[in-house]
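Below are the chains, spelled out letter by letter.
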Amino acid sequence: MNDLKTIRGMPDLYGKDIEAISMIEKTCKEVFLGFNYSEVRTPLIEYKSLFERSVGESSEIIQQKEVFELDDRKGEMLCLRPEGTAGLVRSLITNGLDDEEIKKFFYIGPMFRYERPQKGRKRQFFQAGVELIGNAIYGDLEVIQVAKMILDKLGIESNLEINFLGDNESLEAYNKYLDDYLSRSNEVPEYVKKNPIRALDSKDEKVKKLMSEAKSIESFLNEKQKNKFLDIKNKLNELKINFRENKNLVRGLDYYNGLVFEFTSSELGAQNAIIGGGRYDGLIESLGGRNLPATGFALGIDRLSEMIKTSILRKDVFIGCVDESSVPYAQKIGSQLRGTNSELVIENYLGSANVSKQLKKANSQGFKFAIIVGQEEIKAEKVKLKYLEDDKEDIECTIDELVEFLND
RNA sequence: GUGGGCGUAGCUCAGUUGGUUAGAGCGCCGGUUUGUGGCACCGGAGGUCGAGGGUUCAACCCCCUUCGUCCACCCCA
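My aim in this report is to walk through the structure given alongside it, one point at a time. (Residues numbered from 1 in each chain as written. Chains lettered and ligands numbered in written order. Predicted model: local features only at pLDDT ≥ 70, side-chain atom pairs only at ≥ 80, totals over all residues. Heavy atoms only, no water.)

### Some remarks on the overall build of chain A
Here is step 1 of the chain: Counting secondary structure elements, chain A contains 15 helices and 16 strands.
Here is step 2 of the chain: In terms of overall dimensions, chain A has a C-alpha envelope of 90 × 60 × 45 Å along the principal axes.
Here is step 3 of the chain: Carbon and sulfur atoms make up 47% of the accessible area of chain A, which totals about 22000 Å². (Helix = DSSP H or I, 4+ residues; strand = E, 2+ residues; numbered from the N terminus. Areas by Shrake-Rupley, 256 points an atom, 1.4 Å probe, with all protein chains shown as cover.)

Below, the structure written as structure tokens:
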């Protein structure tokens, strides 16, 4: 009965939706490769325990059962990956790549979270991300530059927010302080009690009011950490990258520390983060690898795609036919054009509409040129090229001349 | 997991206090035009009214259940 429906939060993507998504993926890939990051493809399914150990027991992803679980028939609990970093770090360790050399990786692909869908939030969604692993000087800055370049290339307006969380010790101390501080009130929601640092970006008015009197995370940083943050801010200014310091910015995954950042957009409603990332210095070691520092970010491809409305596909030549027997000649023209220039988008019309309707189609589908072939053209070994966009005279020429013309 | 809105043609949506044959625009197909587009006109196809149950002489409309979708909480990219 309902086996023809898509399942909740996992729509079919077609038309403009997928146009925008694949264009963004292409742009991401170009930028990643341009910074010499190399691709890693890890499986969509991993042991669930991997995420319990990385993303963290206290994160909502694990807490609220936001992972799609499955049984492997041998009693092992598996799950669809809810994010990309854990799998990538796992593969680094699994394949013995966690040596001292600086490594730059990227990934693009679907992620899955069992959440209630809303604007900018699906159960299957697409992320692209980078991980910069090893003792990289100013690695935080490079990663931000990569993110910024993607947004610039896509022409997307956004705001960059940054914060500095310190190391695992200072984070722990701050969490302890908050726990203690918040326990004064009995109006603190459950999720804040479990992970007190979440009180920082809570939208709950009572929590907000309480937090306005609390100490900031800054007061738990030592001199070295404060200087590190100051240095990063100065360098961002030198790079002319605008940012806003947001002392309430925290990330939901337990492994983050040090510099964290988010690119946000006001166009997207409540789910306004389009890129989020930061440092995760302890993660590799805690998963069983070496003690290597690392930083990275993840980018929400679906969210960006909602900000791109205009069609970006270019269509060049529509080749139609007067009658069935002209089709082979039309296909010969088509394959010659494609053979000399694989960038051209060429439609060989295969339907049976009359010439007038064929031209209407060519026009409404946004082609730049149309060619209609029939017996006259075949006999004369010529083609007539019509301008659909401009009001110019038709061009009559041989196929070779046509190839030459379209390659200019 | 919580709260609220919405499910009628491929798309966007009308549909009266429950009443006979469920509509429009866009798109699609055909024609006006048997070899020439953007416009216009004419015609056509396409619906188990999301699904299941109930109330009723009668349900797209009321009730229950369920699924999907949207918005917010929450979470995060």
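### What about the nonpolar core?
Here is step 1 of the chain: Counting 44 residues, the largest nonpolar core has Ile133, Tyr174 and Met211 as the members making the most contacts within it.
Here is step 2 of the chain: Where this core is concerned, the elements lending two or more residues are helix H2 (48–54), helix H4 (85–94), strand E5 (103–112), strand E6 (124–133), helix H6 (168–182), helix H8 (205–211), helix H10 (283–286) and strand E11 (294–300).
Here is step 3 of the chain: Here the element with the most residues in this core is H6; it accounts for six residues.
Here is step 4 of the chain: Dropping the residues within four chain positions of it, Tyr174 is found in contact with Ile197, Leu200, Met211, Lys215, Ser216, Ile217 and Phe220.
Here is step 5 of the chain: Core analysis: the second largest hydrophobic core is formed by 42 residues, Ala128, Val130, Ile241 and Ile274 among them. (Core = buried A, V, L, I, M, F, W, Y, C linked by side-chain atoms within 4.5 Å. Buried < 20%, exposed > 50% of the residue type's maximum accessible area, 1.4 Å probe, protein only. Contact = heavy atoms within 4.5 Å.)

### Brief notes about the sheet that holds strand E3 (residues 69–71)
Here is step 1 of the chain: Strands sit in the order E2-E4-E3 across an open sheet of three strands; the sheet is antiparallel. A single partner strand is all that each edge strand has here, and the edge strands are strand E2 (45–47) and E3. Going across the sheet, the axis of each strand differs from the next one's by a mean of 40 degrees, ignoring polarity. (Pairing = 2+ DSSP bridges. Axes fitted to C-alpha atoms, helices over the stretch in contact; angles between N-to-C directions.)

### Observations concerning the pairing of strand E10 (residues 273–279)
Here is step 1 of the chain: Most of E10 sits inside the fold, with six of its seven residues counted as buried.
Here is step 2 of the chain: Where E10 meets E11, five bridges bridge the pair, whose relative direction is antiparallel. In the sheet register, Gly277 faces E11, and the bridge partner there is Phe297.

### Overview of the packing of aromatic side chains
Here is step 1 of the chain: Here the structure, examined in full by the defined rule, presents 14 aromatic pairs.
Here is step 2 of the chain: Each member of the aromatic cluster is reached from another via a ring pair, and the members are Tyr174, Tyr177, Tyr181 and Phe220.
Here is step 3 of the chain: Sitting over the face of the ring of Phe229, Lys233 holds its NZ or CZ atom 4.1 Å from the ring centroid. (Phe/Tyr/Trp six-rings, centres within 6.5 Å; stacked < 30°, edge-to-face > 60°. Lys NZ or Arg CZ within 6 Å of the ring centre and 35° of its normal.)

### Quick word on the pattern of salt bridges
Here is step 1 of the chain: All told, the structure shown has 24 salt bridges when counted by the stated rule.
Here is step 2 of the chain: In this structure, Glu39 and Lys29 form a salt bridge, with 3.5 Å as the shortest nitrogen-oxygen distance. Linking Glu39 in strand E1 (residues 38–39) with Lys29 in helix H1 (residues 16–34), this pair joins segments that are 10 residues apart in sequence.
Here is step 3 of the chain: Given the relative accessible area of 33%, Lys29 is considered partly exposed.
Here is step 4 of the chain: Notably, a salt bridge pairs Arg90 with Glu46, separated by 2.4 Å at the nearest N-O pair. Residue Arg90 is found in helix H4, and its partner Glu46 is found in strand E2; the two are separated by 44 residues along the sequence.
Here is step 5 of the chain: Judged by relative accessible area, which is 8%, Glu46 ranks as buried.
Here is step 6 of the chain: Through salt bridges with shared partners, a single ionic network connects Glu218, Lys233, Glu245 and Lys247. (Salt bridge = Lys/Arg side-chain N within 4 Å of Asp/Glu carboxyl O.)

### Thoughts on the environment of Asp167
Here is step 1 of the chain: Here Asp167 lies in the loop between strand E7 (159–164) and H6.
Here is step 2 of the chain: In this structure the C-alpha to C-alpha distance between Asp167 and Lys103, which are 64 residues apart in sequence, comes to 22 Å.
Here is step 3 of the chain: Apart from the residues within four sequence positions on either side, Asp167 is in contact with Gln225 and Asn257.
Here is step 4 of the chain: A distance of 3.2 Å separates a polar atom in the side chain of Asp167 from the backbone nitrogen of Glu169.
Here is step 5 of the chain: At 3.2 Å, the side chain of Asp167 and the side chain of Gln225 are in polar contact. (Polar contact = N/O pair within 3.5 Å; in protein donor to acceptor, adjacent residues only side chain to side chain.)

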